[in-house]
Amino acid sequence: MALEYRNLMEDIVVQNAITMMQARECCTCDACTSDVVAYALNHVPPRYVATRKGQMLAKISGYELQYKADVVAAICDAIQVVKESPRHEGR
Ligand SMILES: [Zn+2]
């Protein structure tokens, strides 16, 4: 049997990053989105959970509410940094 675990924060950051970037008129190309996601994930504590098929989804919504404020703050900071010095090619 394989070990099954994942970082919930990763899901929450990815789910919220693009919408927040668009709202703040930040470039949403793959390079910038990756930078925002990576930066944000480095600034929130990871929340690893063991996952078993079927058990995961019910738990997520609860966790999401609990950690959403931290995640939103981290994404805000990340967007600021990426907007100031985007690393994408060209432009
Ligand atoms: Zn970009």
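Only a predicted model underlies this, so the values are computations on that prediction, with no experimental measurement involved.

### Remarks on the packing of helix α1 (residues 8–23) against helix α2 (residues 30–42)
Close contact between α1 and α2 brings their axes to 10 Å; oriented N to C, the two are set at 135 degrees. Taken together, the axis directions place α1 and α2 in an arrangement best described as oblique. For α1 against α2, the interelement crossing comes out right-handed. Residues Met9, Glu10, Val13, Val14, Ala17, Ile18 and Met21 of α1 form the contact with α2, whose own contacting residues are Thr33, Val36, Val37, Ala40 and Leu41. Looking at the contact of α1 with α2 residue by residue, the classes come out as 10 nonpolar, one polar and one charged.

### Some words on α1
With 16 residues, α1 extends 23 Å from end C-alpha to end C-alpha; this agrees with the ideal 22 Å at 1.5 Å per step. When the local axis directions of α1 are compared, the greatest deviation, roughly 35 degrees, occurs at Ala17. Taken together, the buried positions of α1 are Leu8, Met9, Ile12, Val13, Ala17 and Met21.

### Topic: the nonpolar core
If you look at the biggest cluster of nonpolar residues, it comprises 17 residues, and the most contacted ones within it are Val13, Val36, Ala40, Val71, Ile75, Ala78 and Ile79. Of all the secondary structure elements, the ones that give two or more residues to this core are α1, α2 and α3 (56–84). Beyond its immediate stretch of four places on either side in the chain, Ala78 contacts Val36, Tyr39 and Ala40.

### Section: unusual backbone geometry
A positive phi angle, near 55 degrees, is found at Glu25, a position not held by glycine. Looking at the element boundaries, Glu25 is found in the loop between α1 and α2. Given 9 C-beta atoms within a 10 Å radius, Glu25 is considered exposed.

The rules behind the values
- Residues numbered from 1 in each chain as written.
- Predicted model: local features only at pLDDT ≥ 70, side-chain atom pairs only at ≥ 80, totals over all residues.
- Axes fitted to C-alpha atoms, helices over the stretch in contact; angles between N-to-C directions.
- Helix = DSSP H or I, 4+ residues; strand = E, 2+ residues; numbered from the N terminus.
- Parallel < 35°, antiparallel > 145°, perpendicular 65-115°, else oblique.
- Left-handed = near helix turned anticlockwise from the far one by under 90°.
- Contact = placed C-beta atoms within 7 Å.
- Nonpolar A, V, L, I, M, F, W, Y, C, P; charged D, E, K, R; others polar.
- Expected span 1.5 Å × (residues − 1).
- Bend = angle between axes of the 7 residues up to and from the residue.
- Buried ≥ 20, exposed ≤ 12 C-beta atoms within 10 Å, placed from the backbone.
- Core = buried A, V, L, I, M, F, W, Y, C linked by C-beta atoms within 7 Å.

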